[in-house]
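Observations on the three-dimensional arrangement
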Amino acid sequence: MSGGARPGSGRKPSFTAPEHASNEEKEAREQAQQSLMTTAKLSCPGYLTDLAKKEWRRTMKLYKSMGANILCDLDVAALVMYCEAWSIYKTAQDQWTNLGTTASTNPAAQALIDKTLEVMNKQTAVISELAEQLCLTPVGRARMGMNPTRRQAGDKLTAFLND
């Protein structure tokens, strides 16, 4: 008896065939995707702080080395927020490093330490969220189907098979 334990149980046949996208729909989707791609190099906005500009340049180098066009003009705001959050975090981290302690008996010094650590914690949350959205984490890259190790393994296999 196939299906289940009772007659008539189990998977029911589907009476509607799945619809496939027509060539017109595929072309429209491709055009929409191409319109989202950036046509020019995303340039660093002049209003960023110096540390944020440095992070922007570092991040753009990483994107170029990925070999995939995943950024478009719509992503500039998220990238600006990420770079500024990094700048704020780095400034707070430098201040905390200069303090050299996590606790103090001096109430004013302890308030400064607490505020610095609070800023670092808030910016860590912002950076983590934006980094994943911008494919700067392994999870973000996996969601985009970007796995460099899998691609390299496939290239080796293809090279082997083609030889």
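Everything in this summary refers to the structure shown in the same document. The shown structure was predicted, so the numbers you read here are calculated from the model rather than taken from an experiment.

Each value, and the rule that gives it
Residues numbered from 1 in each chain as written. Predicted model: local features only at pLDDT ≥ 70, side-chain atom pairs only at ≥ 80, totals over all residues. Heavy atoms only, no water. Axes fitted to C-alpha atoms, helices over the stretch in contact; angles between N-to-C directions. Helix = DSSP H or I, 4+ residues; strand = E, 2+ residues; numbered from the N terminus. Parallel < 35°, antiparallel > 145°, perpendicular 65-115°, else oblique. Left-handed = near helix turned anticlockwise from the far one by under 90°. Contact = heavy atoms within 4.5 Å. Nonpolar A, V, L, I, M, F, W, Y, C, P; charged D, E, K, R; others polar. Polar contact = N/O pair within 3.5 Å; in protein donor to acceptor, adjacent residues only side chain to side chain.

Any two packed helices are characterised by how steeply their axes cross, that is the angle between the axes, and by the distance between the axes. Contact geometry of helix α2 (residues 50-66) with helix α3 (residues 76-99) gives a least axis separation of 8 Å together with a crossing angle of 125°. The orientation of α2 with respect to α3, classified from their angle, is oblique. Viewed along their axes, α2 and α3 form a crossing whose handedness is right-handed. Between α2, through L51, A52, E55, W56, R58, T59, M60 and Y63, and α3, the contact on the second element is made entirely by V76, L79, V80, Y82, C83, E84, W86, S87, K90 and T91. Looking at the contact of α2 with α3 residue by residue, the class counts come to 11 nonpolar, three polar and four charged.

All right, on to the side chain of T59 then. Among the secondary structure elements, T59 is positioned in helix α2. Among the polar contacts made by the side chain of T59, one reaches the main-chain carbonyl oxygen of E55 at a distance of 2.8 Å. In contact with T59, other than residues within four places in its own chain, are L79, Y82 and L136.

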